[in-house]
Amino acid sequence: MKAMIIKNRSKLEMKPLLLNLKKKRGNFYIHTLGCKVNQAESEKIASILIAYGYEFERKPCDVLFLNTCAVTSEAESKSRKVLHRLIRELQPEYVYIIGCASELVIESFAGLRKENIFFVSPSLKSDFIRNLEDALRVESSFYTGRRTRAFLKIQDGCNRKCAYCIVPLLRGKENSVSFKEVLKEAEKLENEGVKEIVLTGVHLGRYAFDDCDLSLLLKMLGQRFNFRIRLSSIDVEDVTDRLIRTAYELGERFCPHFHIPVQSGSDRILKAMRRTYTGSYFLKRIELIRKVFDNVALSTDVMVGFPGEDESDFQKTVYLINEAKFMRLHVFHFSKRPGTEAEKMTEIIPFSIVKKREKHLLNLSKKIEDDFKRELDGRRLNVLIEKTTGTSSLGRSEYYIDVVCPLSLSRGTIVKLKAKYNNGTIVGEVESCSQKSVSSAKS
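Every residue gets a number counted from 1 within its own chain, in the order that chain's sequence is written. Note on the predicted model: pLDDT of at least 70 is required for a residue's local features to be given, and 80 or more for side-chain atom pairs to be given and counted; whole-chain, interface and lining totals, by contrast, use all residues. Hydrogens and waters are ignored; side-chain quantities use all the structure's heavy atoms.

Turning our attention to the packing of helix α7 (residues 214-224) against helix α8 (residues 241-249). Put simply, α7 and α8 touch, their axes get as near as 9 Å, and they point 10° apart. Classified by the angle their axes make, α7 and α8 are roughly parallel. Between α7 and α8, the residues in contact are Leu214, Ser215, Leu216, Leu218 and Lys219 and Arg242, Leu243, Thr246 and Ala247, respectively. Gly is placed with the polar residues, together with every amino acid not listed as nonpolar (Ala, Val, Leu, Ile, Met, Phe, Trp, Tyr, Cys and Pro) or charged (Asp, Glu, Lys and Arg). A per-class count over the contact of α7 with α8 returns five nonpolar, two polar and two charged. Axis geometry follows a simple rule: fit a line to the C-alpha atoms, using only the stretch in contact for helices, then measure angles between N-to-C directions, giving values from 0 to 180 degrees. Here a strand is any run of E in DSSP of at least two residues, a helix any run of H or I of at least four, and the numbering for each starts at the N terminus. Here the angle decides the label: under 35 degrees means roughly parallel, over 145 means roughly antiparallel, 65 to 115 means roughly perpendicular, and every other value means oblique. Throughout, a contact is declared for two residues whenever any of their heavy atoms are within 4.5 Å.

Any residue under 20% of the maximum accessible area for its type is buried, any over 50% is exposed, and the rest in between are partly exposed; the area is computed with a 1.4 Å probe on protein chains only. Side chains Val403 and Cys405 of strand β18 (residues 402-405) all project onto a buried face; the interleaved residues Asp402 and Val404 project onto a face where none is buried. Two strands qualify as a pair provided DSSP detects at least 2 bridges between them. Sheet topology places strand β17 (residues 393-397) next to β18; four bridges connect them, and they run antiparallel. Paired with Leu394 across the two strands is Val404, which belongs to β18. In this structure, the hairpin formed by β17 and β18 is closed by a connection of four residues, where Tyr400 is found at a positive phi of approximately 65°.

All right, on to the packing of aromatic side chains then. Only centres within 6.5 Å qualify two rings of Phe, Tyr or Trp (six-membered ring in Trp) as a pair; their planes then separate them into stacked at under 30 degrees, edge-to-face at over 60, and tilted for everything else. Counted under the stated rule, the structure contains 19 aromatic pairs. Pairing Tyr29 with Phe56 gives two aromatic rings, centres 5.6 Å apart and planes at 40°, and the pair type is tilted. Taken together, the residues Tyr29 in strand β2 (residues 27-32) and Phe56 in strand β3 (residues 55-56) connect sequence positions 27 residues apart. Ring centres 6.4 Å apart and planes at 75° place the aromatic pair Phe179 and Phe209 in the edge-to-face group. In this pair, Phe179 sits in helix α6 (residues 179-191) while Phe209 sits in strand β10 (residues 208-209), placing the two residues 30 residues apart along the sequence. The class for Phe209 is partly exposed, based on a relative accessible area of 27%. The ring of Tyr400 has Arg396 sitting right over it, with the charged end atom 4.4 Å from the ring centre. Definition used: whenever NZ (Lys) or CZ (Arg) falls within 6 Å of the ring centre and also within 35 degrees of the ring normal, the charge is taken to sit over that ring.

With that out of the way, let us pick up the environment of Leu66. Tracing the sequence through the fold places Leu66 in strand β4 (residues 63-68). Owing to a relative accessible area of 0%, Leu66 belongs among the buried residues under this scheme. Here the alpha-carbon distance between Leu66 and Leu33, two residues 33 residues apart in the chain, equals 7.9 Å. Those residues in contact with Leu66 that lie beyond four places of it in its chain are His31, Leu33, Ser79, Val82, Leu83, Leu86, Tyr96, Ile97 and Ile98.

What the three strands build is an open sheet, ordered β13-β14-β15; its pairing is parallel. Strands at the two margins of the open sheet, each flanked by one partner only, are β13 (257-259) and β15 (328-333). Neighbouring strand axes in the sheet, compared pairwise and without regard to direction, differ in orientation by 15° on average. Inspection of the sheet shows strand β14 (residues 297-304) paired to β15 by six bridges, in the parallel sense. Note on β15: the bridge partner recorded for Val302 is Val331. Across the sheet, helix α12 (residues 351-376) lies against β14 and β15, angled at about 170° from β15, the strand it touches most.

So, about the pattern of salt bridges. Every case where a carboxyl oxygen of Asp or Glu lies within 4 Å of a side-chain nitrogen of Lys or Arg is listed as a salt bridge. Under the defined criterion, the tally for this structure stands at 36 salt bridges. Between Lys153 and Asp156 there is a salt bridge, with the nearest N and O atoms lying 2.8 Å from each other. One exposure class covers both Lys153 and Asp156, and it is buried.

Right, let's get into the environment of Arg374. Position of Arg374 among the secondary structure elements: in helix α12. Along the sequence, Arg374 and Tyr421 sit 47 residues apart, while their C-alpha atoms lie 5.8 Å from each other. For this analysis, a polar contact is any N or O atom pair within 3.5 Å, provided that within protein one partner can donate a hydrogen and the other can accept it, and provided that sequence-adjacent residues contribute only side-chain to side-chain pairs. Looking at Arg374, its side chain comes within polar contact range of the side chain of Asp370, at 2.9 Å.

For an α-helix the count is 3.6 residues per turn, leaving residues at separations of three or four pointing the same way. One less than the residue count of a helix, multiplied by 1.5 Å, gives the span that helix is expected to have. In a regular helix each residue adds 1.5 Å, so 14 residues correspond to 20 Å; helix α11 (residues 311-324) covers 20 Å between its end C-alpha atoms and thus fits that length. Within α11, burial applies to Asp313, Phe314, Thr317, Val318, Leu320, Ile321 and Ala324. Down the axis of α11, the buried side of the element spans an arc of 160°, and every buried residue falls inside it. On the buried face of α11, the contacting elements are α9 (267-272), α10 (279-292), β14, β15 and α12. For α11, the side-chain oxygen to backbone nitrogen distance between the N-cap and Ser312 is 3.1 Å, and the N-cap itself is Asp310. Arc, as used here, means the arc of the directions from the helix axis to the C-beta atoms.

With that settled, the discussion passes to the confidence of the model for the chain. A score from 0 to 100, pLDDT tells how confident the predictor is in each residue. Chain-level statistics for the chain give a pLDDT mean of 87 and a share of 87% at 70 or above. Taken together, the stretch residues 8-12 has pLDDT below 50 and engages in eight contacts with residues farther than four places along the chain or on a different chain.

Another point: the nonpolar core. Take the buried residues of types Ala, Val, Leu, Ile, Met, Phe, Trp, Tyr and Cys, join any two whose side-chain atoms come within 4.5 Å, and each joined set is a nonpolar core. Leu199, Leu221 and Phe306 are the most contacted members of the largest nonpolar core, which totals 67 residues. If you look at the next biggest cluster of nonpolar residues, it comprises 23 residues, including Ala75, Leu83, Leu86 and Ile87.

The next subject is unusual backbone geometry. A positive phi is found at Gln91, a non-glycine position, where the angle reads about 50°. Within the secondary structure, Gln91 is located in the loop between α3 (73-90) and β5 (94-99). When its relative accessible area of 53% is taken as the criterion, Gln91 is described as exposed.

Another point: the pairing of strand β6 (residues 117-120). Every second residue of β6 is oriented toward a common face, with Ile117 and Phe119 on one face and Phe118 and Val120 on the other, all of them buried. Relative to β6, β5 runs parallel, the two sharing three bridges. The residue bridging Tyr96 from the neighbouring strand is Phe118, located in β6.

Moving on, we get to the sheet that holds strand β7 (residues 149-156). Strand pairing in a sheet is mediated by backbone hydrogen bonds. Such pairs are either parallel or antiparallel. One open sheet holds the four strands; their spatial order is β8-β7-β9-β12, and the pairing between them is mixed. Of all the strands in the sheet, just β8 (175-176) and β12 (228-231) have a single pairing partner and so form its edges. As judged from the two bridges shared by β7 and β8, these two strands associate in the antiparallel manner. Note that in β8 the partner of Gln155 across the bridge is Ser176. Against the sheet, helix α2 (residues 36-52) contacts β7 and β9 (196-201), and its axis sits at roughly 110° relative to β7. Across the sheet, α6 is in contact with β7 and β9; its angle to β7 comes to roughly 175°.

Here you go:
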């Protein structure tokens, strides 16, 4: 097998990789696993290649990208399986393996009869994308024209060392995109008709460039552009009073949905995880958000089966979830990750208990999401239409809830509707509609 592993920032080392793309101008396919940061980076690569003359097609292709995930052992395993399947199905001439699991999956290709496979170290993904754009000499944005919503990556890396997390070891230290570059990309997005952007980062709340933090960046985006803005995952310590106030002052321009990972409701387990907050602090921040916003949606990540977690710890997690009134849970079980502190912990929870707790939280997630949807009944929502058929449309509300509209509407239309709960689904009566972005109601 002929393979190249890119581990440093040398343009010389990346040159063969970039030249292969420069001379092709054929078709390509990108498959993305994992977080919204990965999605943002995949969109950026796609937009560069499309601007250069490539066609995005899922069929036998010239170039295949796999943006991998390593947050759990299951995600890493899935990255391997998906890559082998796509190589077999699409028969690409060149394969580019990027993302957090790129170096972790190298050994699985020892017997693969495929030439021109390139592995890009996770910490160099941004450099690779930047060099790709320079090499092809194109003007691109994160938006490829295939979505009404676009991801805008503003930050990468993480300085924290949570006991279970491998991401800081792979992504490297925190770094933020220049606010001038963020505004430049945002302008491209608006010019291309994007109606909603999602600000993303490995540690989004730690965005900092010169004197600009996330609150100020959010304010600048709100003042200069007409799209509505959504935040991806943000840690509770970073949900400051100033950020909450700035978001509120944007009115309908800000999507009032906060995804704030809690991981556990037990202070003992949170300390063992190297998280920097307590359950009571978490609930106090949630209480403040609810005081400021008349209506808001909250979702979270929850881990079960962390080493040493007993039944009392688990019940504290259940209690916190009910107190916080989340509308949705992302539940996953502890997974040993190489190089992390938790890898060496010995108080392993029996898998049967882990699965039982996981099932309990998944059932709880279904219930609280249904409860949240019931509470939306009769409420007026702003829905961004993303799919349409001859008789109906599907969109997403500001609360990150899918909504069925009883009319066929154009993609990118923002619709005001009165929500109706119907057996777990939100449908609505269209009250007004505009091809332009919703205007601020509170600014």
